[in-house]
Amino acid sequence: MRKASRLFEIIQILRLAGKPVTAAVIAESLEVTPRSIYRDIVALQAMRVPIEGERGIGYILRPGFDLPPLMFSIVETEAIVLALALLARTGDEELKSAARRVSQKITGAVPEPLRKAFQSQALHAWGTIAPPPPSVDLAMIRRAIRDERKLALDYRDELGRATERTVRPLALIYYSEHAMMVAWCELREDIRNFRADRVEYCEPVDAYFRGEGNRLRQLWIAGWKTNAVRPLEAEDA
């Protein structure tokens, strides 16, 4: 790790720590020697970074100090580039547009070495691009999840059986071929999965489940981990 990156990482470690951190702990995290960390601490203090402490006891960063925004390492920048590329493979047109805007904003704000990482076109996400579902707007589902607003939907499963539901949307799962909505189904009185491309009608209703979303998501996650609910790829019937 270059020294500039190491100094940045030391500040990040101290920012996130709730108590003094020893040079040995920092050195183990950054895979260098404690002697290097001692020299780095001195260098940071010379740059007026408000680090306090001493050898054997640990170091803390005084409250009130922060780094400029959008300061990423090269590897973190590459992670962002690939994540934005993966978003372009979903059928969520609003998220794809947002990903392009995010890339433009970051490219215009970061220093030149990181800007090159964004513009190099060295990382790509390849494979099937999911088409938008024909009868439902994924952006509307995401808004309903955020607002904890119920949805009315007409759904036809893989066997062609049609049902009308009122659901409490909890999560969206994006696959390479389609998106799946996880919701509490008031018809089944349980958590169910709905493939977005098999929803024939979906609109918000004037009813909410505010304050229940996190509890229901935890119920879903707990059941998923213990195999007490349907697999993520299994739709409702």
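Scoring rules and cut-offs
- Residues numbered from 1 in each chain as written.
- Predicted model: local features only at pLDDT ≥ 70, side-chain atom pairs only at ≥ 80, totals over all residues.
- Heavy atoms only, no water.
- Helix = DSSP H or I, 4+ residues; strand = E, 2+ residues; numbered from the N terminus.
- Buried < 20%, exposed > 50% of the residue type's maximum accessible area, 1.4 Å probe, protein only.
- Contact = heavy atoms within 4.5 Å.
- Areas by Shrake-Rupley, 256 points an atom, 1.4 Å probe, with all protein chains shown as cover.
- Salt bridge = Lys/Arg side-chain N within 4 Å of Asp/Glu carboxyl O.
- Arc of directions from axis to C-beta.
- Pairing = 2+ DSSP bridges.
- Core = buried A, V, L, I, M, F, W, Y, C linked by side-chain atoms within 4.5 Å.
- Axes fitted to C-alpha atoms, helices over the stretch in contact; angles between N-to-C directions.
- Phe/Tyr/Trp six-rings, centres within 6.5 Å; stacked < 30°, edge-to-face > 60°.

**Student:** If you had to explain the overall build of the chain to someone new, which residues and values would you point to?
**Tutor:** The secondary structure content of the chain amounts to eight helices and seven strands. Looking at the chain as a whole, 38% of its 237 residues qualify as buried. Contacts in the chain between residues at least 24 apart in sequence constitute 61% of all its contacts with a sequence separation of at least 6. Accessible surface, the chain: about 14,200 Å² in total, of which carbon and sulfur atoms supply 53%.

**Student:** Explain the pattern of salt bridges to me, and be specific about the residues and the numbers.
**Tutor:** Applying the stated criterion across every chain, the model contains 14 salt bridges. Salt-bridge contacts for E200 lead to R156; the nearest nitrogen and oxygen are separated by 2.7 Å. With a gap of 44 residues between them, E200 in strand β7 (residues 199-208) and R156 in strand β3 (residues 149-156) connect regions that are remote in the sequence. On the basis of relative accessible area, R156 is assigned to the partly exposed category, the value being 33%.

**Student:** Tell me about helix α2 (residues 23-30), and name the residues and values.
**Tutor:** Buried within α2 we find A23, I26, A27 and L30. For α2, the buried positions fall inside an angular range of 100° around the axis, keeping them on one side. Those residues of α2 hidden inside the fold are in contact with α1 (3-16), α3 (34-46) and β2 (58-61).

**Student:** Tell me about the pairing of strand β1 (residues 51-54), and please be specific about residues and values.
**Tutor:** Regular strands have side chains that alternate between both faces of the sheet. Examined bridge by bridge, β1 and β2 share four bridges and lie antiparallel to one another. Looking at β2, one finds that E52 is bridged to I60. Counting the residues between successive antiparallel strands, the hairpin from β1 to β2 contains three residues, one of them, G56, with a positive phi of roughly 85°.

**Student:** Quick rundown of the nonpolar core? Include the residues and the values.
**Tutor:** Soluble, globular proteins show a tendency: their nonpolar side chains are buried together. In this structure, I141, L151, V167 and M181 are the most contacted members of the largest nonpolar core, which totals 19 residues. Looking at this core, the elements that each hand over two or more residues are α7 (138-147), β3, β4 (162-174), β5 (179-185) and β7. Beyond its immediate sequence surroundings of up to four residues, I141 is in contact with V136, L151, L172 and M181. Among the nonpolar cores identified, the runner-up in size contains 17 residues, and A23, I41, L44 and I51 belong to it.

**Student:** Quick one: what's the story with the sheet that holds β3, residue by residue and with numbers?
**Tutor:** Taken together, the five strands give an open sheet; going across it, the order is β6-β5-β4-β3-β7, and neighbouring strands pair in antiparallel fashion. The outermost strands of the open sheet, each flanked by one partner alone, are β6 (190-195) and β7. Neighbouring strand axes in the sheet, compared pairwise and without regard to direction, differ in orientation by 45° on average. Each of β3, β4, β5 and β7 touches α7; the most contacted strand, β4, lies at about 80° to it. Across the face of the sheet, helix α8 (residues 213-225) comes into contact with β4, β5 and β6 while running at roughly 85° to β4.

**Student:** An account of the pairing of β3 is needed here, citing residue identities and associated values.
**Tutor:** Where β3 and β7 come together, six bridges link them in antiparallel fashion. Residue pairing across strands places Y155 opposite V199, the latter belonging to β7. Of the strand pairs in this sheet, β3 and β4 are connected by six bridges, and their pairing is antiparallel. Counterpart to R156 in the pairing with β4 is A162. With antiparallel pairing between neighbouring strands as the criterion, β3 and β4 make up a hairpin whose turn holds five residues, including G160 at a positive phi of roughly 85°.

**Student:** How would you sum up the packing of aromatic side chains? Please name residues and give values.
**Tutor:** As enumerated under the stated definition, the model contains one aromatic pair in all. Ring centres 5.1 Å apart and planes at 85° place the aromatic pair Y155 and F194 in the edge-to-face group. Remark: F194 occurs in strand β6 and Y155 occurs in strand β3; sequence separation between them is 39 residues. Looking at Y155, the relative accessible area reads 1%, which means it is buried.

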